[in-house]
Structure formats: C-alpha cells, structure tokens
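Summary of structural features
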Amino acid sequence: MLSNNNWKNLEEIIEKNNKFIITTHINPDGDGIGSELGIFHILKKLGKKSLIINDSPTPEFYKFLDPKNELIKQYEKKYREKLLEADVFFLIDISNFERLGRISKIVKNSSAVKVVIDHHHSNSGWGDVNIIDESASASGEIVYDLANRLGIKIDNALANYLYVAIFTDTGSFRFSNTNKKAHFICGELIEKGINPREIYGNVYESYSWERMILFAKVLSTLKKTAEGKVSSIHITKEMMKSSNAKREDIEGFIEYITAIKDVEIAVLFLELPKNKVKVSLRSRSKYDINQVAEMFGGGGHKNASGITMQNYTLQEAEKLVLSRLEKLFV
Ligand SMILES: [Mn+2]
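Predicted, not measured: the structure shown is a model, and the values here were computed from it.

**Remarks on the sheet that holds strand β3 (residues 72-74)**
- The parallel open sheet is built from six strands, whose spatial order is β3-β2-β1-β4-β5-β6. A strand with exactly one partner marks an edge of an open sheet, and here the two such strands are β3 and β6 (129-132). Taking each pair of neighbouring strands and ignoring which way they run, the sheet shows an average axis angle of 25 degrees.
- As judged from the three bridges shared by strand β2 (residues 50-54) and β3, these two strands associate in the parallel manner. The residue bridging Ile 53 from the neighbouring strand is Lys 73, located in β3.
- Where helix α2 (residues 30-45) meets the sheet, it contacts β1 (20-24), β2, β3, β4 (88-92) and β5 (113-118), and its direction lies at approximately 165 degrees from that of β1.
- Contacting β4, β5 and β6, helix α5 (residues 139-149) runs over the sheet at an angle of about 115 degrees to β5.

What follows is the structure, given as structure tokens:
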C-alpha cells in the first residue's frame, strides 16, 4: 500500500526538477500507454517538460491517443543523451528493471530519481519513490489520484488517457480487479466528455487481417487438460511469420479460451527466439495463478500473470507448466 510520505516526496520531486523521462514496460498495454500520457499531461500543466520514451512501439490500436505521433517516442540511439541527462524517471506499470527492455541499463545506472508507479502484487518497490497500490485496478487509477493531489483539472485529453488505462486493464470492467473506484473514476471521466463507445471502437474494433489469420491458426492448437478445467493454446515462431502478424496482434487471444465453459485456468504459450517461451496465465476466479507463475520466476496478479521461460522449447515449456497446473485439480 502507498504511504503518504511517498506522495509528499513525489510532489517535491516534481517541483524541484526539470528533466523528466516517462516510460513503461516492453510491449506496452493500454494502462502503460494511458498512464504515461497522463503523467506527461500533468507535468505539462505544471509547466514541466517531459519526454515519453518506450522500448517497444505503440500498438496500432492505441495510436489514436497520439494521432500525430509526437508524444510517445520509441527508443533509438539519438535518445540516449536525453536519458542520461534526466533528473527524474517515471517508471509506470513495471515491477522490475528487466521489463524496461533496451533502456533498462541506462535507467539502472542513472543517478536520476526513480519514481515507480504501479499496482502489481509482484512489485517490491524498486524505485527511490514508490507509489504502489495493489488495490488499484490500474496504474491509471494512481495517475488520477496524482492529478487530484496536484490540483490538476481533468480535461478531455487527460480523461481519455485515464479512461483507456482503466478500461483496458480491467478487461472492459470484467476482470476481478474491477472495483467501485474504477467505476467511480470512469464515471467522472465520462462527465468530462469522453465517449466510451468511440474509445471501445478505437481499441477493440480495429483488428488487422494478420491478427485474424494468426488467430485461425492459433485456435487450431486449442487443447484441454485437467478434464477441461485448463485450456491452452500456443503460438509458434512459424505461425507468427506465415501470418505476417505483429506481437501486438496476440493481445486478447487468451481471453477467448478463458471464456470456455468450466475452464478455470487458461494458458497461452508463445515461442520466442533463442529458446525462450512467454507463458501467459489467466484464472477465472478462485485459483491464484500468480503463485504458479512465481514458481517459475514469473509474476503479475492473482488472476492474470506471466512467465518468461529461458532455455526451453515450446513443447518442454507446455509440458512443464501444464503438469504443474494439473496438480491444482487433484
Ligand atoms: Mn496495469
């Protein structure tokens, strides 16, 4: 839980410094993108200059938040200086250095103040200032609190950023992190003039053909274990290549197989280069799959977690994780 002290420190840090860098995890999601744009907007209102630099490109379906492609930069060598010169790093929605991707080393070695804003259970508080609120549905909720604390008026732009953060991280208000505060904040944001229908369309009704071609292949890998309590799918490198899909095209696949009747746990195995396998886990209700993820060095939330397995073939990773999950049901 957050302490008031950290909030106070943060207000001071913002006041005293001038060079802010904002970033989020590799393969950013709606919460990461929405929250960093939110921080950018707040700093701008306070007359502070900041720069958003991410390791990965912004997924197509979040580009409407930065239509002129001017707010979010993807890391390139030319930004190295900027990173080295920073006074403060805002590290949003990330529980460890590794998840920063290519900029992780610079951030780690920098003497700049590291401000971590997050809601992941697995976050141990790795920043100099940590505002970690496990009860928050999204990091965007914490950014909303920040705006209020600093007396920043929530205008239409900020409302859009924060709405995207919260509505995507709660799976359109259906995951177990959906709470009263999430609805309350989003109600407020609607009052500020955002259009939920339009935002939904921008984010979720903009599938690429490549995504659907890949999805057809992926669905053919569907299988059940533990008598249908566990469903799983996998994606090979070859499937990605032959469908010409991007990494972001995978987002949401696992939710389909979580929705199968009587399924308690859904798993997606993604084959990566260099014998790595990314495992995504979802649990519908009572099962804490974060505990399982942590056994393999992964982490996340109780109902949504992930593992990156090194030196495993896809088959080996599948066998190992599925047999571990089966044990939950004996
Ligand atoms: Mn999040």
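After presenting the structure, the write-up continues.
**With respect to the layout of surface pockets**
- Of the volumes computed, that of the second largest pocket is approximately 200 Å³.
- Lining the second largest pocket we find Asn 18, Lys 19, Phe 20, Ile 21, Lys 49, Ser 50, Leu 51, Lys 82, Glu 85 and Ala 86.
- At the level of secondary structure, the elements contributing two or more residues to the lining of the second largest pocket comprise β1, β2 and α3 (80-85).
- The residue makeup of the lining of the second largest pocket, split by class, is four nonpolar, two polar and four charged.

**Remarks on the domain arrangement of the protein chain**
- When cut into domains, the protein chain gives domain 1 (4-204) and domain 2 (209-329).
- Computed from C-alpha coordinates alone, the two centres of domain 1 and domain 2 are separated by 27 Å.
- Residue-level contacts link 13 residues of domain 1 with 11 residues of domain 2.
- Carbon and sulfur atoms supply 47% of the area that domain 1 and domain 2 bury against each other, a total of about 980 Å² over both sides.
- The largest contributions to the domain 1 side of the interface with domain 2 come from Asn 27, Phe 61 and His 121, which together make up 34% of the buried area.

**What to know about the coordination of the manganese ion**
- Those donors, Asp 31 (OD), Asp 93 (OD), His 119 (NE2) and Asp 169 (OD), are the protein atoms that reach the manganese ion, and they lie 2.1 to 2.3 Å from it.
- When its relative accessible area of 0% is taken as the criterion, Asp 31 is described as buried.

**As for the pairing of β2**
- Most of β2 sits out of view: five of its five residues are buried.
- What you see with β2 is no split at all: Ser 50, Ile 52 and Asn 54 on one side and Leu 51 and Ile 53 on the other are buried throughout.
- Traced from β1 through α2 to β2, the parallel crossover comes out right-handed.

**A word on helix α13 (residues 314-326)**
- Between its first and last C-alpha, α13 extends 18 Å over 13 residues, near the 18 Å set by a 1.5 Å rise per residue.
- Looking only at α13, the buried set comprises Leu 314, Ala 317, Glu 318, Val 321, Leu 322 and Leu 325. Projected onto a plane normal to the axis of α13, the buried residues spread over an arc of 110 degrees and lie on a single side. Opposite the packed face of α13, turned more than 90 degrees from it, sit the exposed residues Gln 315 and Lys 319.
- Buried positions along α13 lie against β7 (223-225), β8 (230-235), β9 (265-272), β10 (276-283), α12 (289-295) and β12 (304-310).

**Re the nonpolar core**
- Counting residues in hydrophobic clusters, the biggest one holds 49 residues, and the most contacted among them are Leu 10, Ile 39 and Phe 90.
- The element best represented in this core is helix α6 (residues 156-169), accounting for eight residues.
- Each residue touching Leu 10, except ones within four places of it in the same chain, is listed here: Phe 90, Val 115, Val 129, Ile 131 and Leu 146.

Cut-offs applied
- Residues numbered from 1 in each chain as written.
- Predicted model: local features only at pLDDT ≥ 70, side-chain atom pairs only at ≥ 80, totals over all residues.
- Heavy atoms only, no water.
- Pairing = 2+ DSSP bridges.
- Helix = DSSP H or I, 4+ residues; strand = E, 2+ residues; numbered from the N terminus.
- Axes fitted to C-alpha atoms, helices over the stretch in contact; angles between N-to-C directions.
- Contact = heavy atoms within 4.5 Å.
- 1 Å grid on protein atoms, 1.4 Å probe; cavity = no way out; pocket = protein on both sides within 12 Å on 5 of 7 lines; lining within 4 Å.
- Points joined across faces, edges and corners; volume = space filled by probe spheres on them.
- Nonpolar A, V, L, I, M, F, W, Y, C, P; charged D, E, K, R; others polar.
- Domains from an automatic or database assignment.
- Buried area = accessible area lost by both parts, 1.4 Å probe.
- Donors = N, O, S within 2.8 Å, 3.2 Å for Na, K, Ca; no water.
- Buried < 20%, exposed > 50% of the residue type's maximum accessible area, 1.4 Å probe, protein only.
- Right-handed = clockwise from strand over helix to strand, strands pointing away.
- Expected span 1.5 Å × (residues − 1).
- Arc of directions from axis to C-beta.
- Core = buried A, V, L, I, M, F, W, Y, C linked by side-chain atoms within 4.5 Å.

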